[in-house]
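# Structure at a glance
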Amino acid sequence: MDFSITKKQQMIRKITREFAETYIAPVAEESDKNSQLDPNVFKLIKEMNYFGICIPRKYGGAGLHNDTISFAIIVEEIGRVDASWAITVGVHCSVVAYPLYIFGTEEQKQKFLIPLATGEKLGAFALTEANAGSDAAGIETSAVLDGDEWVLNGSKIFATNGGIAKTLLVAAKTGQRGRKSIFSVFIVDTDTKGFSVGVKEDKLGVRASNTSELVFQDVRVPKENVLGGVGNGYQIVLKILDFGRILIAAQCVGLGQAALEASVKYANEREQFGRKIGKFQGIQWKIADMGCAIESARLLTYKAAYMCDHGMDYGLASSMAKLVASEAAMQATHYAVQIHGGYGLMKAYQVERFFRDAKVAEIYEGTSEIQRMVIANRLLRQTF
Amino acid sequence: MKVFVCIKQVPGVAEVKIDVTTGKLIREGVPSIINPVDKHAIELALQIKEEQGAEVIALSMGPPQAEEALREALAMGVDKAYLLTDKEFAGADTLATSYTLALAIRKILQESEKNEKYLVICGLQAIDGDTAQVGPELAEELNIPQITYVQKIEFKGDKIIAESALRQDEVMVMETRLPALITVLKEINIPRFPTLIGIVDAYEKKEVVYLDTRQLNADKRKIGLTGSQTQVWKIFVPQQKGEHIKLSGSVKEMVKQLCQYLKEDKIL
Ligand SMILES: Cc1cc2nc3c(=O)[nH]c(=O)nc-3n(C[C@H](O)[C@H](O)[C@H](O)COP(=O)(O)OP(=O)(O)OC[C@H]3O[C@@H](n4cnc5c(N)ncnc54)[C@H](O)[C@@H]3O)c2cc1C
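Just so it is clear, the model here is predicted, and its values are computed rather than measured.

### Quick notes on the overall build of chain A
- Each helix and strand in chain A was counted, giving 10 helices and 10 strands.
- The C-alpha radius of gyration of chain A comes to 21 Å, within 12% of the 21 Å expected for a compact globule of 384 residues.
- Each of the three principal axes of chain A carries a C-alpha extent, and together these read 80 × 50 × 40 Å.
- Sequence separation of at least 24 residues holds for 73% of the intrachain contacts in chain A that already meet a minimum separation of 6.
- With an accessible surface of roughly 16,700 Å², chain A has 54% of that area assigned to carbon and sulfur atoms.
- Averaging the coordinates of the 44 positive side-chain charges in chain A and doing the same for the 42 negative ones gives two points 3 Å apart.

Spelled out as structure tokens, the structure:
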């Protein structure tokens, strides 16, 4: 057993950290305030090849499709300065580009994957609907075959990158078996007639990340745009989310780390009762708990990534990583605000943003309740 | 054309701490970085490659862990990297260092096309030693012209025209034929970040070639501690003695203030 990361992975961490601190961190506060991703950072992230991390070179990516640990490290380091950018890149790569690489036909890869991997186009993944969140099988957006085209109708909500994406993966109902819906995943170009972006959400956290409603009115999609075969949508979505959760976990590790670093700095500076607050046991215990929670989350995240890279069944590991990491980030950012006292509520201190940014991770890509359900189901069926 | 870039791995200065009791640098846990101005040298070499076409070769003398600095240079886009490493190179001063670097450059030139023109680029100085001597001494070793403190450079056929800011408030424009050596200032450019593809290639497609005393056929009297004309006797943190007063204002005002202080201290 070896816990060390490779020299290449160390370099990826070092450079991503420098890049994130140089270009993303200085504009993070402004982006949060304006609910807008900085266009210059967009350009730079594209140049850095971060939009094609887990995609092979021949499809325009960086070639780290078998190195999910590096992928996690990148998302972690971006998340350490700005959770919004971490989720923008994480979602684009993990639940749009990567599924196209895994499930796509050669034509689909040529047409849709390459522009995603090079960062020419941004991707979004649309599953959630107003009446179907945790119960994803309850989606109502429908697709009906008409000649050589599928006709999509319905609407999706809360799609990350939705309002700025050019390529969407959309889950829609394509049939019924008894009381169960059958669905399929469609690749939809946002230039297609009948598609429109609805409400852009104004949120508590990850404010710079675009979260939008997507509306489909008789959107005609060519037959070739079904991903992974008609009727296989449910299985594909589950697999997509298994992978995606590793990156949500990574985002949380980065965010938690940022909260810890800010807290350590503050605890070593701020004085009350004639000494640094870091000298008080009440603060020390919080720091210790934060450190333990973040390190556990990091190990679980890398373990899930490792299992994925080694062809092992990593679904349970990624659920555990996502659950532990999102709760670690929530706890760490909560403590970080507490350690900062009143200043922690002020916009002048980053921990105010960190605290708001953490919450969503306990919700998207499966709430903590759903993760516990999935994990318990797996464990209860397991023989030890 | 070949462009050689000489880089040094140094302790990241922002993090360097000094043990107050022993007065020594604490190196443990301090991350190593490419000497900051050397990154500008690499950037310049890459720009020359992009504009003129050239093979960019990075050289570093140092312990095996300096390979990391060379990998980073490769990730930025450098074509080849050589690490001059040997126990016998240890303790080298600027003279022994430039001798060793010159051997490597000559060796590489011997193995390539005859009379291929070349340019050597060094950063002005390293943040740990701060001597600014290796560049000029290397030019002497190679017996080629040098332009130091370069803040801008232009190619004209076989020649380069460089702006040197050697003296404060004064820019000298100089021209020389290649081969030549220049040392550059930070002002010359903004170094690029290695892309993800660059990093992956640096580890999977490119290599760092190790060169030791034997491969360089080095004269043992000229390398390492033995070859050094200067030796570090002691590194210490200067003790602050007494108080410092900084005077400001016009010369007249400052003189007046100074006299007053001297009177107060009963010196005048
Ligand atoms: C910022 C943001 C970005 C998002 N990005 C995307 C995206 O890119 N693509 C996409 O498709 N979706 C996205 N989502 C949607 C997200 O995945 C859903 O919000 C999430 O799955 C929960 O669904 P819901 O909001 O409908 O909550 P509900 O499912 O209504 O849940 C409400 C509460 O009930 C609990 N609950 C539900 N069922 C059970 C149960 N069986 N047992 C116990 N408790 C239960 C939940 O845990 C939760 O606490 C995003 C959401 C947000 C906020």
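### What to know about the domain arrangement of chain A
All names here are of chain A.
- Parsing chain A into structural domains produces domain 1 (7-122), domain 2 (124-233) and domain 3 (235-381).
- Look at where the C-alpha atoms of domain 1 and domain 3 centre, and you get two points 21 Å apart.
- Contacts between the two partners involve 27 residues from domain 1 and, on the opposite side, 29 residues from domain 3.
- Roughly 2,300 Å² is buried in total at the junction of domain 1 and domain 3, and carbon and sulfur atoms are behind 64% of that figure.
- Ranking the residues of domain 1 by area buried against domain 3 places Thr-68, Glu-76 and Arg-80 at the top, with a combined share of 23%.
- Between domain 1 and domain 3 we count 3 salt bridges in total.
- Along the contact surface separating domain 1 from domain 3 lie 8 residue pairs in polar contact (both at pLDDT 80 or more).
- Sorting the residues of the side of domain 1 that touches domain 3 by element identifies α1 (7-34), α3 (68-79) and α4 (83-103) as the ones contributing at least two each.

### Things to note about the packing of aromatic side chains
All names here are of chain A.
- By the definition in use, this model includes 17 aromatic pairs over all chains.
- Where Phe-19 meets Tyr-50, the ring centres are 5.7 Å apart and the plane angle is 75°; that geometry is what we call edge-to-face. In this pair, Phe-19 is assigned in helix α1 and Tyr-50 in the loop between α2 (39-47) and α3, connecting sequence segments 31 residues apart.
- According to the relative accessible area criterion, Phe-19 is buried, its value standing at 1%.
- For Tyr-50, a relative accessible area of 1% gives the class buried.
- Summarising the aromatic geometry, the rings of Tyr-98 and Phe-243 are spaced 3.8 Å apart at their centres and angled 15° between planes, so their arrangement reads as stacked. In this pair, Tyr-98 is assigned in helix α4 and Phe-243 in helix α6 (residues 233-267), connecting sequence segments 145 residues apart. Residue Tyr-98 shares its accessibility class with Phe-243, and that shared class is buried.
- Taken together through their ring pairs, the aromatic side chains of Tyr-59, Phe-71, Tyr-98, Tyr-101 and Phe-243 make up a single cluster.
- Directly above the aromatic system of Tyr-335 lies the positively charged group of Lys-286, at a separation of 5.8 Å from the ring centroid.

### A few points about the site of the ligand
Residue and element names in this part refer to chain A.
- Around the ligand sit 19 residues, and of these Thr-128, Ser-134, Phe-158, Thr-160 and Thr-367 come closest.
- Note that a nitrogen atom of the ligand is positioned 2.6 Å from one of the side-chain N or O atoms of Thr-128.
- Within the side chain of Ser-134, a nitrogen or oxygen atom sits 2.6 Å from an oxygen atom of the ligand.
- Of all elements in the fold, only β1 (123-126), β3 (149-160) and α10 (368-381) reach the threshold of two or more residues within the shell around the ligand.
- Here the residues of the shell around the ligand are counted per class, giving 10 nonpolar, 6 polar and 3 charged.
- Both domains that meet at the shell around the ligand, namely domain 2 (124-233) and domain 3 (235-381), each give it at least three residues.

### Description of the interface of chain B and chain A
- Counting from both sides, the interface comprises 16 residues of chain B and, opposite them, 20 residues of chain A.
- Counting across the interface, chain B meets chain A through 5 salt bridges.
- For the salt bridge of Lys-8 of chain A with Glu-204 of chain B, the shortest nitrogen-to-oxygen distance reads 2.7 Å.
- There are 8 residue pairs in polar contact (both at pLDDT 80 or more) connecting chain B and chain A.

### Notes on the pattern of salt bridges
All names here are of chain A.
- Taken as a whole and assessed by the stated rule, the structure comprises 42 salt bridges over all chains.
- With a shortest N-O distance of 2.7 Å, Lys-276 and Glu-271 are connected by a salt bridge.
- By relative accessible area, which is 31% here, Lys-276 ends up partly exposed.
- Here the salt bridges do not stand alone but share partners, grouping Arg-13, Arg-17, Glu-76, Glu-77, Glu-295 and Arg-298 into one network.

### Section: helix α8 (residues 315-340) of chain A
Residue and element names in this part refer to chain A.
- For α8, built from 26 residues, the straight-helix expectation of 38 Å at 1.5 Å per residue is met to within 8% by its first-to-last C-alpha distance of 37 Å.
- Among the 26 residues in α8, 20 count as buried, and that is most of the element.
- At the C-terminal side of α8, Gly-341 shows a positive phi close to 60°.

### Let's talk about the packing of α6 of chain A against α8 of chain A
Residue and element names in this part refer to chain A.
- Packing of α6 against α8 brings their axes to within 8 Å, and their N-to-C directions diverge by 25°. Here α6 lies roughly parallel to α8, going by the angle between them. Crossing of α6 against α8: the hand is left-handed.

Rules of the game
Residues numbered from 1 in each chain as written. Chains lettered and ligands numbered in written order. Predicted model: local features only at pLDDT ≥ 70, side-chain atom pairs only at ≥ 80, totals over all residues. Heavy atoms only, no water. Helix = DSSP H or I, 4+ residues; strand = E, 2+ residues; numbered from the N terminus. Rg over C-alpha atoms; globule rule 2.2 N^0.38 Å. Contact = heavy atoms within 4.5 Å. Areas by Shrake-Rupley, 256 points an atom, 1.4 Å probe, with all protein chains shown as cover. Lys, Arg positive; Asp, Glu negative; His and termini not counted. Charge placed at Lys NZ, Arg CZ, Asp CG, Glu CD. Domains from an automatic or database assignment. Buried area = accessible area lost by both parts, 1.4 Å probe. Salt bridge = Lys/Arg side-chain N within 4 Å of Asp/Glu carboxyl O. Polar contact = N/O pair within 3.5 Å; in protein donor to acceptor, adjacent residues only side chain to side chain. Phe/Tyr/Trp six-rings, centres within 6.5 Å; stacked < 30°, edge-to-face > 60°. Buried < 20%, exposed > 50% of the residue type's maximum accessible area, 1.4 Å probe, protein only. Lys NZ or Arg CZ within 6 Å of the ring centre and 35° of its normal. Near = heavy atom within 4 Å. Nonpolar A, V, L, I, M, F, W, Y, C, P; charged D, E, K, R; others polar. Expected span 1.5 Å × (residues − 1). Axes fitted to C-alpha atoms, helices over the stretch in contact; angles between N-to-C directions. Parallel < 35°, antiparallel > 145°, perpendicular 65-115°, else oblique. Left-handed = near helix turned anticlockwise from the far one by under 90°.

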